[in-house]
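Architecture and fold: a report
The residues making up each chain are set out below.
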Amino acid sequence: LDVETRPQVTWTAYGDGKAGLAVVSRGLPESAVCDSPDRPIALTLLRGFRKAVFSDDNMGGQVTGTHRFRFDIVPFSGPVPVVELCYLGQRVGAPVRSVVLSRKDYPEYRPAARLPRLRSFLEYTGNAVITSVRMCGNALSVRMFNPLNTEETAVISPAFPEGSPRCVTLDGRDDMVQNVIFKDSAARVTLAPKRIATVVFEKDGE
């Protein structure tokens, strides 16, 4: 017998094509859209057990103490905004980064800046959702997935346009299914529905 609950990474939504409601949460990995006329969304907050698994005592089986939860309510009109909810889930789930400054970091104690205040590893357009951008030695790795039920094209312009891009699998081998076209300093990747793609830009001669 199938169960209502499903794994949740960042969000759960229900809509009838005209309007709907989404719940975006952090640290709540299970949810359900209940099979009832009003279709409520249920979130699993805690799970406690009489006895911990592979243990003869009860230590660890109960989740005691004070708990705090955060979930954002997102009403929407029209179909479920899948791409927008994926990025909103990333923002809710990403922690705030803190930076400690020393005396030499303040303007009156450091030389004039020679680099622009803002700079990006890449520019991107498309409906695929980017989940990771990182430097691997001299290579730039961009991982994305297509959350939609339609074929989508992603266009990536890296900071070093001389790079030669290629698609790789999750374990780093050449992807024999996914192709990338590099033209006019931009890489174009067409993803099938629900497809994951990892594009690696390697500098020429490296």
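First, a word on what this report is: a plain description of the structure on this page. (Residues numbered from 1 in each chain as written. Predicted model: local features only at pLDDT ≥ 70, side-chain atom pairs only at ≥ 80, totals over all residues. Heavy atoms only, no water.)

Taken as a whole, this structure holds six salt bridges when the rule is applied. Here R39 ties to D35 by a salt bridge, and the two come within 3.5 Å at their closest N and O atoms. By relative accessible area, which is 66% here, D35 ends up exposed. Among the ionic pairs, D171 bridges to R173, the shortest N-O distance being 3.0 Å. Just as D171 is exposed, R173 falls in that class too. Each of R166, D174 and E202 takes part in a single network of salt bridges with overlapping partners. (Salt bridge = Lys/Arg side-chain N within 4 Å of Asp/Glu carboxyl O. Buried < 20%, exposed > 50% of the residue type's maximum accessible area, 1.4 Å probe, protein only.)

Moving on, we get to the nonpolar core. V142, M144, I156, L191, V199 and F201 are the most contacted members of the largest nonpolar core, which has 16 residues in total. Contributions of two or more residues to this core are made by β9 (139-145), β10 (152-158), β13 (186-191) and β14 (196-202). Counting seven residues, the second largest nonpolar core, distinct from the first, contains A22, V74, F76 and V92. (Core = buried A, V, L, I, M, F, W, Y, C linked by side-chain atoms within 4.5 Å. Helix = DSSP H or I, 4+ residues; strand = E, 2+ residues; numbered from the N terminus.)

Let us look at the sheet that holds β9. Pairing is antiparallel across the open sheet formed by four strands, whose spatial order is β8-β9-β14-β11. Of all the strands in the sheet, the pair left with one neighbour each is β8 (129-136) and β11 (164-168). Neighbouring strand axes in the sheet, compared pairwise and without regard to direction, differ in orientation by 20° on average. Note that β11 and β14 share five bridges and pair antiparallel. Paired with V168 across the bridge in β14 is T198. The strands that helix α1 (residues 82-93) touches are β8 and β9; relative to β8, the one it contacts most, it runs at about 50°. (Pairing = 2+ DSSP bridges. Axes fitted to C-alpha atoms, helices over the stretch in contact; angles between N-to-C directions. Contact = heavy atoms within 4.5 Å.)

Any two aromatic rings considered together are summarised by their centre-to-centre distance and by the angle between their planes. Overall, the coordinates contain one aromatic pair when judged by the stated rule. Here the aromatic rings of F182 and F201 are separated by 6.5 Å at their centres, their planes lie at 65°, and the arrangement is edge-to-face. Linking F182 in strand β12 (residues 180-183) with F201 in strand β14, this pair joins segments that are 19 residues apart in sequence. Given the relative accessible area of 0%, F201 is considered buried. (Phe/Tyr/Trp six-rings, centres within 6.5 Å; stacked < 30°, edge-to-face > 60°.)

Turning our attention to the side chain of T12. In this structure, T12 sits in strand β2 (residues 11-15). For T12, the side chain forms a polar contact with the side chain of Q8, separated by 2.4 Å. Dropping the residues within four chain positions of it, T12 is found in contact with L21, A22, V23, S31, V33 and I41. (Polar contact = N/O pair within 3.5 Å; in protein donor to acceptor, adjacent residues only side chain to side chain.)

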